[in-house]
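Commentary on secondary and tertiary structure
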Amino acid sequence: MAEVVQSGGSRKKKGVKRMARVGVRMDMTPMVDVAFLLLTFFMLATTLLTPQVMEISLPPDSKIPVQIAESNLLTLRIRKDQIVFWNIGNEPPQKIAEREVPKVMKEWLMKNPKLSTLIKIDRDAKYQTLIDMVDDLNVTQGDLHQTEKRFSLVAMDDKDHELVSNL
Amino acid sequence: MVDVGFLLLTFFMLTAKFKPQSDDPLQISLPVAQADTTKLPDANIGIVNIGMRGADTVITFALSNDKDRAPVYKPLNLTDVKTGKPLTDAELSMKGDVRVSKASLETVIQQARLQNPAMRYAINADSSVSFGTVDDVMHALQKYGATRFNLITMNKEKM
């Protein structure tokens, strides 16, 4: 019973509504076009900005010297012409191609997990070389699952210039 | 489809963040690195931009939080380019970045440290600037106790 009554009533209402809306038709195409244009703009504008960051920690005071065993220190010197030299402790610096650096790092870090790396860069060298060195170190330590990062960054002093200038 | 389109439009509009205005933006091509996966936070950060303009190295300082800008930029005594009048606090808080010299960078970092101790710092340098300039900026940060900071890089895979 109830169903019948309901259906009859709704049918009536529907009929009335349909009558009122006859002839009203809205063209939504331009609005949708604009909406999609905006959508495309926002999508392109947002995805482009995704910079990454590299974490660097410096000691709070550079004047306090840090004692370190000679055998635990790998020094990398980067000359003005982007040529890299490496040595352990007080050994004489050796020339090395930039792409060989990760190999040396890996070799010594595997031998000695306590190794600290000292990166000395000429003030006139490019900033990209600093990023390359730290990145190589990060990649190598990641490969070896070493989480503790031990490296320091300094500018080359006169002594360093003397050491690597004639090599 | 249109409904989903509008949904996406709303989403992208709400998540979009606009770059703060800059009088003279620097063109910076970021150095490339592989190992970095941490994203740059977008609040509570002070960025030192180092870029090349011709043969000169230009340093600018940018703050992410607008409320920190006016007190930090105040000691620089910035003036309006057209009228020569000193900038008001409201105008200062609209400024995305300010050009600094080596000496005024230290002032700005000191002010920023006092204003917001929770602020983190990042160096956004062009890959072709000299290490010496970046080293000076790092020493300025170190001097005022900001010893942990970030270097902004671009991921190698995305290039």
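A quick note: this is a predicted structure, and the numbers were derived from the prediction, not measured. (Residues numbered from 1 in each chain as written. Chains lettered and ligands numbered in written order. Predicted model: local features only at pLDDT ≥ 70, side-chain atom pairs only at ≥ 80, totals over all residues. Heavy atoms only, no water.)

1. Thoughts on the overall build of chain B
The number of helices and strands found in chain B is five helices and six strands. Listing each helix as α and each strand as β along chain B from the N terminus yields α-β-β-β-α-α-β-α-β-α-β. Principal-axis analysis of the C-alpha atoms places the extent of chain B at approximately 55 × 40 × 35 Å. Counting the 159 residues in chain B, one finds 43% classified as buried. As displayed, chain B offers around 8,600 Å² of accessible surface, 56% of which is attributable to carbon and sulfur atoms. Of note, chain B has its 18 positive side-chain charges centred 3 Å away from the centre of its 17 negative side-chain charges. (Helix = DSSP H or I, 4+ residues; strand = E, 2+ residues; numbered from the N terminus. Buried < 20%, exposed > 50% of the residue type's maximum accessible area, 1.4 Å probe, protein only. Areas by Shrake-Rupley, 256 points an atom, 1.4 Å probe, with all protein chains shown as cover. Lys, Arg positive; Asp, Glu negative; His and termini not counted. Charge placed at Lys NZ, Arg CZ, Asp CG, Glu CD.)

2. Quick word on the sheet that holds strand β3 (residues 84-88) of chain A
In a beta sheet, neighbouring strands pair by backbone hydrogen bonds and run either parallel or antiparallel. Residues and elements named next belong to chain A. Strand order in this open sheet of five strands is β4-β3-β2-β5-β6, and the pairing throughout is mixed. A single partner strand is all that each edge strand has here, and the edge strands are β4 (94-96) and β6 (151-155). Each strand of the sheet is rotated relative to its neighbour by a mean of 25°, with strand direction disregarded. (Pairing = 2+ DSSP bridges. Axes fitted to C-alpha atoms, helices over the stretch in contact; angles between N-to-C directions.)

3. Here we look at the interface of chain A and chain B
Listed by partner, the interface residues are 40 residues for chain A and 47 residues for chain B. The three residues of chain A that bury the most area against chain B are Gln-52, Val-53 and Tyr-127 of chain A, which together make up 22% of that side's buried surface. One can count four salt bridges joining chain A with chain B. Among the ionic pairs, Asp-136 of chain B bridges to Arg-123 of chain A, the shortest N-O distance being 3.0 Å. Run the count over chain A and chain B and you get twelve residue pairs in polar contact (both at pLDDT 80 or more). Where the side of chain A that touches chain B is concerned, the elements lending two or more residues are α2 (29-47), β1 (52-57), α4 (127-143) and β6 of chain A. (Contact = heavy atoms within 4.5 Å. Buried area = accessible area lost by both parts, 1.4 Å probe. Salt bridge = Lys/Arg side-chain N within 4 Å of Asp/Glu carboxyl O. Polar contact = N/O pair within 3.5 Å; in protein donor to acceptor, adjacent residues only side chain to side chain.)

4. Considerations on the confidence of the model for chain B
Close inspection of predicted coordinates is inappropriate in any region flagged by low pLDDT. Residues and elements named next belong to chain B. Of all residues in chain B, 93% attain a pLDDT of 70 or more, and the chain-wide mean is 82. Across chain B, the secondary-structure element scoring lowest on mean pLDDT is helix α3 (residues 89-94), at 79, and the one scoring highest is strand β5 (residues 120-125), at 88. In the predicted assembly, ipTM is 0.75 and pTM is 0.73. (pLDDT = per-residue confidence, 0-100.)

5. Details of the packing of aromatic side chains
All names here are of chain A. Inspection of every chain in the model, using the stated rule, returns three aromatic pairs over all chains. On the numbers, 5.2 Å between centres and 70° between planes, the contact of Phe-41 with Phe-42 is edge-to-face. A cation over an aromatic ring shows up here: Lys-111 above the ring of Trp-108, its NZ or CZ 4.1 Å from the ring centre. (Phe/Tyr/Trp six-rings, centres within 6.5 Å; stacked < 30°, edge-to-face > 60°. Lys NZ or Arg CZ within 6 Å of the ring centre and 35° of its normal.)

6. A closer look at unusual backbone geometry
Although it is not a glycine, Gln-82 of chain A sits at a positive phi angle of roughly 65°. Within the fold, Gln-82 of chain A resides in the loop between β2 (73-78) and β3. Positive phi is not limited to glycine here, since Asn-44 of chain B has a value of about 55°. Its location among the elements puts Asn-44 of chain B in the loop between β1 (32-33) and β2 (45-53). When its relative accessible area of 29% is taken as the criterion, Asn-44 of chain B is described as partly exposed.

7. What about the environment of Val-129 of chain B?
Tracing the backbone through its elements, the reader meets Val-129 of chain B in the loop between β5 and α5 (131-143). On a C-alpha basis, the gap between Val-129 of chain B and Thr-57 of chain B in space is 7.1 Å, while along the polypeptide they are 72 residues apart. In contact with Val-129 of chain B, other than residues within four places in its own chain, are Ala-125, Lys-126 and Tyr-127 of chain A together with Ile-50, Gly-51, Met-52, Thr-57 and Val-134 of chain B.

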